[in-house]
Amino acid sequence: MAPHRLTSALLTSLLATILTAGTTDAALLDVPSPKNYVRRALARAIVLNNHVYIEGGQITQYEDGFSSIRGRVENQVNSTLSIPLNESWKSESVTIKATPKPFESLARNRWYLWTDTKNGVFYAWGGYWPFGLEMVTDEVYKFTADSRGGGEWGVETLPNGVRLDQISPGEAGAVTSTGTMGIVIGGQATPWTQLGRDNTRQLSGMITFDFESKALMNGTQKFSPFGDTPVVGASAEFISGVGENGIVIVMGGHVGRTDKEVPLGEMDFFDMRNVTFFDPVTKETWSQVTTGDIPPSPRIGFCTAAFSSKEGGHEIFIFGGSNERDYLVYEDAYVLSLPGFVWTKLPTPPGGRRAYHTCVAVGNRQVLSVGGRGREDEIRIQDAIPQGLLLFDMTAIEWKLEYDSNAAAYESANAIKDWYEKRTSSDVQWSSEGVEQLFATSAEALFTSGDSSDSQSDSNTDSPSGPTTTTMPDISAPAGLSTGAMVGIILAAVICLAAIIGGWLFWRRRRAGRHNALTEIDDLGELGVDGAVDRKELASESHVREMPSDAQVEELPTKFQDTKVPVAHYHEVDGGHDYAELPTYHRPRPRASQNTLPPVELDAGYTERELM
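In the nomenclature of an unreviewed UniProt entry, the protein corresponds to Kelch repeat-containing protein from the organism Podospora pseudopauciseta.

Structure, rendered in C-alpha cells:
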C-alpha cells in the first residue's frame, strides 16, 4: 500500500474511533455517550445487509453529563450511523458505528432514502441542508454498504437526457421503496432544499428512481395517486403480496398549495380515516375508508413500518407525529390491519410526546423507532429513551428497550386474529368492487367463512387476556349496506307500513264506536233517564301542546383527545440568533378543522377502547 493511502486509511479509522467513543471533548460528536445524549431528530433510517443505517438529522448533546448544551441547541450529523441486527442488544448499551462522510454537503435533514436490497446499496436524494449551509448543486448519491455496518459514498451517474435542474428536490414527501424503484410523493421545496431557490412551494406529482436504469423521472398528474394535488408530510409504505405488483399505501399529511406560500397549520389535511393506495407499476389507484380507533388528524412527522403475516394479513404501525394546526405533538401509536381496514390503538408509548423520528421494521417482528422530539422547550430535556432507541414487539403488543435477534417469525397479534375470526369479509364496507377484488385472496384466508350474524353474537365474550395482549375494538360493520342489511331494511319498512295502516284502521273503528255511544246517550237524555251524560263533555278532544319555544336542547359533550399540549415550531439556536428549521413554517392562528373528506357516521354500537 502506498504511504499516502496508508496515512489516509489510518486517519479515517482514527476519526471513526473518535466519533464513536463518545468520551472525547475534541469536537461535537455524532454519537455521544448515552449519558451525554439528549435528542436526535429529522433523520431517516433503512435496513440493509443486516444493519440499520441512520442517515442525516440533527443531535442535541450534553457535555460530560451536565446540562449545558454543546454548540448550537441542535447540530447536524456528519456521519452515516449503523446498528447491527445479527445480535441482540439493549438501547442503553448498544454501540452505534459512525462512518464519516467524504464531504459536508451530505449532512442533510429528512433525506429521501431508497433501498436496493438486491444490490446492497441505498440512494439518497433531496432533503434539506441544516441552517442552509454548505449547499451545492443537487445530485443523486449512492451508498454501497459492506457487511460490517460501514460502506462508501459516491455520486450516481444518471443516464443521458436526465436533467436534475428540471426536477425540484424537496423534503416532507412520502417516500418508500418497492425493491425495483424508489418513490417520493409530493413534499415541498424551500430555499434550504435547492441552491438558488428564493421561495417555498408545495410539490405535486410523484418522483420515481429506477434502480436498474438509474432514470429519475418527474411524474405528472397521471403518475401521482393524488393527481395534481400537492401532498406535504404524508407517509408511504410498500406492501408486497397484494395484487400483481404490490401496493404503495399513503396516509396522513396536508393538502398543499402550488400558487402561494401557506403555513402548514392553515392547510387542509388528509384525514387518517381514509387511506389511498396504488399499484406502483400500472398506477391504478384506490381509496378505502377505515374503521376502529382512527388516529386523530391532522398528522405529519409521524413514522411508520409495515409487516406481513404468513396467514396473508398486513399490518401498518404508526407512531407519534405533529398536529401543526392545534400545536400538538402526539403521544400515541396505532396499527392498521388489512384487509379489514381496522385501526387498533396500542398502549401509550413510553418516553412522552414524539415527532420527527424514523421507524423501520427490524428482525422478524419488532419496530425500531430512532430519535424524535416533543415541544420546542423539550429539545434541551434529555430523552427518557436511552440513545433514542425505542422498540415495539408487533406480536406481543409490547414496548421494549432491547432488540431480540432470535425473535420468532412475525404473526399477527392474537387479538387481531380474533377480530378476523369473528367476522366475514361482508362486514367490511368496501369502497369499490376493485378494492374488494384486490384483497380477495387475503380476505378469504383471514375472515371466517361462517355467517356474519353468528360470528358477531359472541364478539364481546371471546377476548384475549394477559399482560402483553389486548382486546381489539368491538366495532360493528361500518355504515354500509350489504345484502343482509338491505333485506333487513326492506322487512323493517314493510312492518312499519303495516303498523301505520293497522293504527289508522284502529283509530277509525274507535271513532265510529264513540260516535254511536254518543248517539245513544243523547237518546237517553231526551227520554229523561237518570245519570245521562252531557254529550259535549264526552265528545271534547284533548289539546296537543308544544314545548315552550325558548326551551334549550343541550348536545352531548364532545370527545377530546388526551394530549392537548401546545407545540411551537422548532428553532436552532446559535448564540443570540435563532435559526428557523424551515423558513416557511409560521405559527398559524387556530381555526376550525377543514377535512378534505366528508365525515363518516359511525355505527351506534361502536365504542373506542385503548388496548392495554
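Caption draft 1: Examining the overall build of the protein more closely. Looking only at helices and strands, the protein has 7 helices and 40 strands in total. Per-residue burial for the protein yields a buried fraction of 50% across its 612 residues. The long-range share in the protein, meaning contacts at least 24 apart out of those at least 6 apart in sequence, stands at 65%. Carbon and sulfur atoms make up 51% of the accessible area of the protein, which totals about 29,500 Å².

Caption draft 2: Representation of the pattern of salt bridges within the structure. Counting across every chain of the model gives 16 salt bridges. Among the salt bridges present, the one from aspartate 332 reaches arginine 299, with a minimum N-O distance of 2.9 Å. In this pair, aspartate 332 sits in the loop between strand 31 (328-329) and strand 32 (333-338) while arginine 299 sits in the loop between strand 27 (291-292) and strand 28 (303-308), placing the two residues 33 residues apart along the sequence. Residue aspartate 332 is classed as buried on the basis of its relative accessible area, which comes to 8%.

Caption draft 3: Seen up close, the packing of aromatic side chains. Within the structure shown, the criterion is met by 31 aromatic pairs. Their ring planes at 50 degrees and their centres at 6.0 Å tell us that tyrosine 53 and phenylalanine 122 sit as a pair that is tilted. Of this pair, tyrosine 53 sits in strand 3 (residues 51-55) while phenylalanine 122 sits in strand 11 (residues 121-125), placing them 69 residues apart in sequence. Residues tyrosine 53 and phenylalanine 122 agree in their burial class; the two are buried. Relative to phenylalanine 447, the ring of tryptophan 419 has its centre 6.2 Å away and its plane inclined at 55 degrees; by these criteria the two rings are tilted. Taken together, the residues tryptophan 419 in helix 2 (residues 414-421) and phenylalanine 447 in the loop between helix 4 (440-446) and helix 5 (452-457) connect sequence positions 28 residues apart. Judged on exposure class, the residue tryptophan 419 and its partner phenylalanine 447 are both buried. Chaining the aromatic ring pairs together yields one cluster made of Tyr112, Trp114, Tyr123, Trp125, Phe209 and Phe211. A cation sits over an aromatic face here: arginine 299 above tyrosine 330, 3.8 Å from the ring centre.

Caption draft 4: Geometry of the pairing of strand 32. With 6 of its 6 residues buried, strand 32 lies for the most part within the structure. The side-chain alternation of strand 32 yields two buried faces, one formed by Ala333, Val335 and Ser337 and the other by Tyr334, Leu336 and Leu338. When strand 29 (residues 314-319) meets strand 32, the two strands line up antiparallel, connected through 6 bridges. Note on strand 32: the bridge partner recorded for isoleucine 318 is tyrosine 334. The pairing of strand 32 with strand 33 (residues 342-345) spans 4 bridges and is antiparallel. Within the sheet, the bridge partner assigned to valine 335 lies in strand 33 and is threonine 344. Here strand 32 folds back onto strand 33, and the loop between the two strands holds 3 residues, one of which, phenylalanine 341, carries a positive phi near 50 degrees.

Caption draft 5: Focus on the state of the cysteines. Tallied over the full model, the rule gives 1 disulfide. The disulfide partner of cysteine 303 is cysteine 359, and the S-S distance across this bridge is 1.9 Å. Taken as a pair, cysteine 303 in strand 28 and cysteine 359 in strand 34 (residues 358-362) lie far apart in primary sequence, 56 residues in all. Neither cysteine 303 nor cysteine 359 differs from the other in exposure class; each is buried.

Caption draft 6: Spatial organisation of the sheet that holds strand 18 (residues 206-210). Strand order in the open sheet made by the 4 strands is 14-15-18-19, with antiparallel pairing throughout. Either end of the sheet is taken by a strand with one partner, and the two such strands are strand 14 (174-177) and strand 19 (216-218). Here the strands of the sheet are splayed against their neighbours by 15 degrees on average, with no regard to which way each runs. Alignment of strand 15 (residues 181-185) against strand 18, held across 5 bridges, turns out to be antiparallel. Note that in strand 18 the partner of isoleucine 183 across the bridge is threonine 208.

Caption draft 7: Quick peek at the sheet that holds strand 33. Strands sit in the order 27-33-32-29-28 across an open sheet of 5 strands; the sheet is mixed. Two strands close off the open sheet at either side, each with one partner strand: strand 27 and strand 28. Direction of pairing for strand 28 relative to strand 29: antiparallel, over a ladder of 6 bridges. Pairing of cysteine 303 across the sheet is with phenylalanine 319, part of strand 29. With respect to the sheet, helix 2 is in contact with strand 29, strand 32 and strand 33, its orientation differing from that of strand 32 by roughly 40 degrees.

Caption draft 8: Looking closely at the pairing of strand 25 (residues 274-278). Of all 5 residues in strand 25, 5 are buried, a share of seventy percent or more. The alternating pattern of strand 25 places Asn274, Thr276 and Phe278 and Val275 and Phe277 on opposite faces, both of which are buried. Of the strand pairs in this sheet, strand 25 and strand 26 (residues 285-289) are connected by 5 bridges, and their pairing is antiparallel. Bridge pairing in strand 26 places asparagine 274 opposite valine 289. The turn linking strand 25 back onto strand 26 is made up of 6 residues, and lysine 283 within it adopts a positive phi angle of 70 degrees.

Caption draft 9: Highlighting the environment of lysine 345. Its location among the elements puts lysine 345 in strand 33. Its relative accessible area of 13% is what places lysine 345 among the buried residues. Residues lysine 345 and tyrosine 334, spaced 11 residues apart in sequence, show a C-alpha to C-alpha distance of 4.5 Å.

Caption draft 10: Examining the environment of leucine 106 more closely. Summarising the element assignment, leucine 106 is placed in the loop between strand 9 (97-100) and strand 10 (112-116). Residue leucine 106 is classed as buried on the basis of its relative accessible area of 0%. Measuring from C-alpha to C-alpha, the distance between leucine 106 and tyrosine 128 comes to 9.9 Å, with 22 residues separating the pair along the chain. The contact partners of leucine 106, leaving out residues within four places of it in the chain, are Glu55, Lys101, Trp111, Tyr141 and Trp153.

Caption draft 11: The confidence of the model for the protein, seen in detail. With 67% of its residues at a pLDDT of 70 or more, the protein has an overall mean of 77. A low-confidence stretch, residues 1-26 stays under pLDDT 50, and its non-local contacts, those more than four residues away or across chains, total 26 contacts.

Caption draft 12: The arrangement of unusual backbone geometry in detail. A cis geometry characterises the amide bond from serine 297 onward to proline 298, with omega recorded as 0 degrees. By the secondary structure assignment, proline 298 is in the loop between strand 27 and strand 28. The phi angle at glutamate 134 is positive, at roughly 55 degrees, despite the residue not being glycine. Along the chain, the position of glutamate 134 falls in the loop between strand 11 and strand 12 (141-145). Backbone geometry places isoleucine 397, a non-glycine residue, at a positive phi of 55 degrees. Tracing the sequence through the fold places isoleucine 397 in the loop between strand 36 (389-393) and strand 37 (398-400). Using a relative accessible area of 10% as the deciding quantity, one classes isoleucine 397 as buried.

Reading the values: rules and limits
Residues numbered from 1 in each chain as written. Predicted model: local features only at pLDDT ≥ 70, side-chain atom pairs only at ≥ 80, totals over all residues. Heavy atoms only, no water. Helix = DSSP H or I, 4+ residues; strand = E, 2+ residues; numbered from the N terminus. Buried < 20%, exposed > 50% of the residue type's maximum accessible area, 1.4 Å probe, protein only. Contact = heavy atoms within 4.5 Å. Areas by Shrake-Rupley, 256 points an atom, 1.4 Å probe, with all protein chains shown as cover. Salt bridge = Lys/Arg side-chain N within 4 Å of Asp/Glu carboxyl O. Phe/Tyr/Trp six-rings, centres within 6.5 Å; stacked < 30°, edge-to-face > 60°. Lys NZ or Arg CZ within 6 Å of the ring centre and 35° of its normal. Pairing = 2+ DSSP bridges. Disulfide = S-S within 2.5 Å. Axes fitted to C-alpha atoms, helices over the stretch in contact; angles between N-to-C directions. pLDDT = per-residue confidence, 0-100.

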